[in-house]
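# Per-entry structural report
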Amino acid sequence: VLAATDRGLLQRESLTEPWRAPAGAPDAYAYVVTPWGDGYAAGFEDQGVWHAPTGGEAWRLLGLPGLTVLDLTTTADDTLVAATDHGVYLYRDRSWTRLPDLPPGGESDDPAADRFMTRLALGENDVLVVRNQDRLWRRAGAGWQPFGPDTLRDEIYSVINCCGDDTLIGTDQQGLWGLNDAGSWVRVDDGFFNRRKITGGVVLPGRTLIAAENGLFVSSDLSGWRAVSGLTPTVTDLLIDPQDAARWLAGTPAGVYHSEDGGESWTLITPPWDVWDMAFSSNGRLFVARGNGLVWTDDVGASSVTWTQSDGMEGVTFFH
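Presented here is an overview of the structure given in this document. Numbers given to residues run from 1 along each chain, matching the order in which its sequence is written. This being a predicted model, a pLDDT of at least 70 is required before a residue's local features are given, and a value of 80 or more before pairs of side-chain atoms are given or counted; all residues contribute to the totals for chains, interfaces and linings. Side-chain descriptors were evaluated using all non-hydrogen atoms of the structure, hydrogens and water having been removed beforehand.

### Quick word on the overall build of the chain
Strands here are runs of E lasting at least two residues and helices are runs of H or I lasting at least four, both read from the DSSP assignment and numbered beginning at the N terminus. The number of helices and strands found in the chain is zero helices and 30 strands. Radius of gyration means the value over C-alpha atoms here, while the globule rule gives 2.2 Å times the residue count to the 0.38 power. For a compact globule of 320 residues, the expected C-alpha radius of gyration is about 20 Å, and the chain comes in at 20 Å, within 12% of that figure. Oriented by its inertia axes, the alpha-carbon framework of the chain measures out at about 50 × 50 × 35 Å. Summary of the burial criterion: residues with accessible area below 20% of their type's maximum are buried, those above 50% are exposed, and those between are partly exposed, where the area comes from a 1.4 Å probe applied to protein chains only. For the chain, the residues scored as buried account for 50% of the 320 residues in total. When checking whether two residues touch, look at their non-hydrogen atoms; a contact exists if any pair is within 4.5 Å. Sequence-distant contacts, at least 24 apart, represent 35% of the contacts inside the chain between residues at least 6 apart. Where accessible areas are quoted, they stem from the Shrake-Rupley method and a 1.4 Å probe; at the residue level, only the protein chains shown are allowed to cover. Of the roughly 14,800 Å² of accessible surface on the chain, a fraction of 48% belongs to carbon and sulfur atoms. For the chain, the separation between the mean place of its 23 positive charges and that of its 44 negative charges on side chains is 1 Å. Positive charges come from Lys and Arg, negative ones from Asp and Glu, while His and the chain ends are left out of the count. A single reference atom marks each charge: NZ on Lys, CZ on Arg, CG on Asp, CD on Glu.

This is the structure we're talking about:
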């Protein structure tokens, strides 16, 4: 198990052993770690991209020394893509290539701000999408083109289902936007989210759920919305159990809420934790990142859930 944290890259061989720094990894803020090639790649503050073979030991510098690497992704042909504080880089054939700068004109007058890439995504046909200063840009030929409503320049707050034809964009009090059949961006919420900050969402067959600062809302056609009852006003994360589509988990500032009927009813299954993020492992284990560390459980579907504190992860800062 590998974890990128503000205390560096951490590793352990089993979920009952303490965390430790893997051999060779730099002692620096680790922003991201991801499977790649024959092992793993990780991005660090001011230390570039590092690589380790399967097992996560013997880390070595792969490149981009001196740069802060905020996100990594891998294309279908195993090209590694790095988002950094000085632009986007591709690694293929054992060499790095810097992609062109984004067009100028961000919310900051500092030209360096336009080179500070925060998030990466892959759209249809492996088209690269980057998020920068609350805007989305899609790679087009030798350059970039805006991806998202022109009227919401610098106003994008959340991106849902990125980055194909069914992408939704949530804003701060300016509604929910999507692509129509003609490829144009239009409001899809009939004004329902005018005074709501959209923090995330999930798109399901015949149903869309949108998490906002004042609740979780559901719609079958993106026009008529109703609040999902039984939850706190703020929902920080929403998960569907990959082993049971009717089992949903909602993270909130008051703890984790659990539903066994597809979000129709909810039960609090934790103490009053401030939940930041959640994730399922491949074997069905649920991890919950709280304000005071990481916990996990193997019996999320049980009538009484038992939680285990993850040793060595107390006080770690988590990012959604």
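More follows now that the structure is in view.
### Re the nonpolar core
The set of buried Ala, Val, Leu, Ile, Met, Phe, Trp, Tyr and Cys residues whose side-chain atoms join them within 4.5 Å is what this entry labels a nonpolar core. One finds Leu 249, Val 256, Ile 269, Met 278, Leu 286, Val 288 and Trp 307 to be the most contacted residues of the largest nonpolar core, which totals 14 residues. Taken together, the elements giving at least two residues each to this core come down to strand S27 (275-280) and strand S28 (286-290). Once you skip the residues sitting within four places of it in the chain, Leu 249 turns out to touch Asp 237, Leu 238, Leu 239, Val 256, Tyr 257, His 258, Trp 266, Ile 269, Met 278, Phe 280, Leu 286 and Val 300.

### Notes on the sheet that holds strand S22 (residues 226-227)
Paired strands, in this sense, are two strands between which DSSP finds at least two bridges. The strand order across the open sheet formed by four strands is S19-S20-S21-S22, and the pairing between neighbours is antiparallel. Among the strands making up the open sheet, the edge pair consists of strand S19 (198-204) and S22.

### Notes on the sheet that holds strand S23 (residues 237-240)
One open sheet accounts for four strands, arranged S23-S24-S25-S26; its pairing is antiparallel. Strands at the two margins of the open sheet, each flanked by one partner only, are S23 and strand S26 (267-268). Judged from the four bridges that link them, S23 and strand S24 (residues 248-252) form a sheet pairing that is antiparallel. Within S24, the position partnered with Leu 239 by the bridge is Leu 249.

### Concerning the pattern of salt bridges
Any Lys or Arg side-chain nitrogen found within 4 Å of a carboxyl oxygen on Asp or Glu counts as a salt bridge. In total, this model carries ten salt bridges according to the counting rule given. Taking the shortest distance from any N to any O, the salt bridge between Arg 247 and Asp 241 comes out at 3.0 Å. Look at Arg 247 and you get buried, because its relative accessible area is 15%. Taking the relative accessible area as the measure of exposure, Asp 241 reaches 5% and is therefore buried. What you see here is one network of salt bridges that share partners, running through Asp 241, Asp 244, Arg 247 and Glu 260.

### Brief notes about the side chain of Arg 285
With respect to the secondary-structure elements, Arg 285 resides in the loop between S27 and S28. Given a relative accessible area of 10%, Arg 285 falls into the buried group. Side-chain atoms alone can form a polar contact between residues adjacent in sequence; in general such a contact is a pair of N or O atoms within 3.5 Å, and within protein one must be able to donate a hydrogen while the other accepts it. A distance of 2.4 Å separates polar atoms of two side chains, one belonging to Arg 285 and the other to Asp 298. Ignoring sequence-local partners within four residues, the contact set of Arg 285 consists of Leu 15, Ala 279, Phe 280, Trp 296, Thr 297 and Asp 298.

### Regarding the packing of aromatic side chains
Any pair of Phe, Tyr and Trp rings, taking the six-membered ring for Trp, is counted once the centres come within 6.5 Å. Such a pair is stacked with planes under 30 degrees apart, edge-to-face with planes over 60 apart, and tilted for the rest. As enumerated under the stated definition, the model contains eleven aromatic pairs in all. A centroid spacing of 5.8 Å and a plane angle of 70 degrees characterise the contact between Trp 36 and Tyr 91, whose relative ring orientation is edge-to-face. Here Trp 36 is found in strand S3 (residues 30-36), whereas its partner Tyr 91 is found in strand S9 (residues 87-92), with 55 residues between them in sequence. Across this residue pair, the class does not change: Trp 36 and Tyr 91 are buried. On the basis of an interplanar angle of 45 degrees and a centroid distance of 4.8 Å, the ring pair of Tyr 91 and Trp 96 is categorised as tilted. Members of the aromatic cluster, joined through ring pairs, are Phe 192, Phe 193, Phe 217 and Trp 225.

### Comments concerning a negative patch on the surface
Only residues above 30% relative accessible area that lack a salt bridge enter a patch, with like-charged residues linked at up to 9 Å and the nonpolar side chains Val, Leu, Ile, Met, Phe, Trp and Tyr linked at up to 5 Å. On the surface, a cluster of negative charge is contributed by Asp 38, Asp 77, Asp 78 and Asp 126. With respect to the secondary-structure elements, Asp 126 resides in the loop between strand S11 (119-122) and strand S12 (128-132). Judged by its relative accessible area of 31%, Asp 126 is partly exposed.

### Points about the pairing of strand S2 (residues 8-11)
Alignment of strand S1 (residues 2-5) against S2, held across four bridges, turns out to be antiparallel. Residue Ala 4 lies in a different strand from S2, and its bridge partner there is Leu 9. Linking S1 to S2, which pair antiparallel, is a turn of two residues.

### Side note on the pairing of strand S10 (residues 95-98)
Working note: regular strand, side chains alternate between the two faces of the sheet. As paired strands, S9 and S10 are joined by four bridges and run antiparallel to one another. By the bridge assignment for S10, Leu 90 is matched with Thr 97.

### So, the environment of Arg 138
Mapped onto the elements, Arg 138 comes out in strand S13 (residues 135-140). You can call Arg 138 partly exposed: its relative accessible area is 26%. Between the C-alpha atom of Arg 138 and that of Val 1, which follows or precedes it by 137 residues, the distance is 32 Å.

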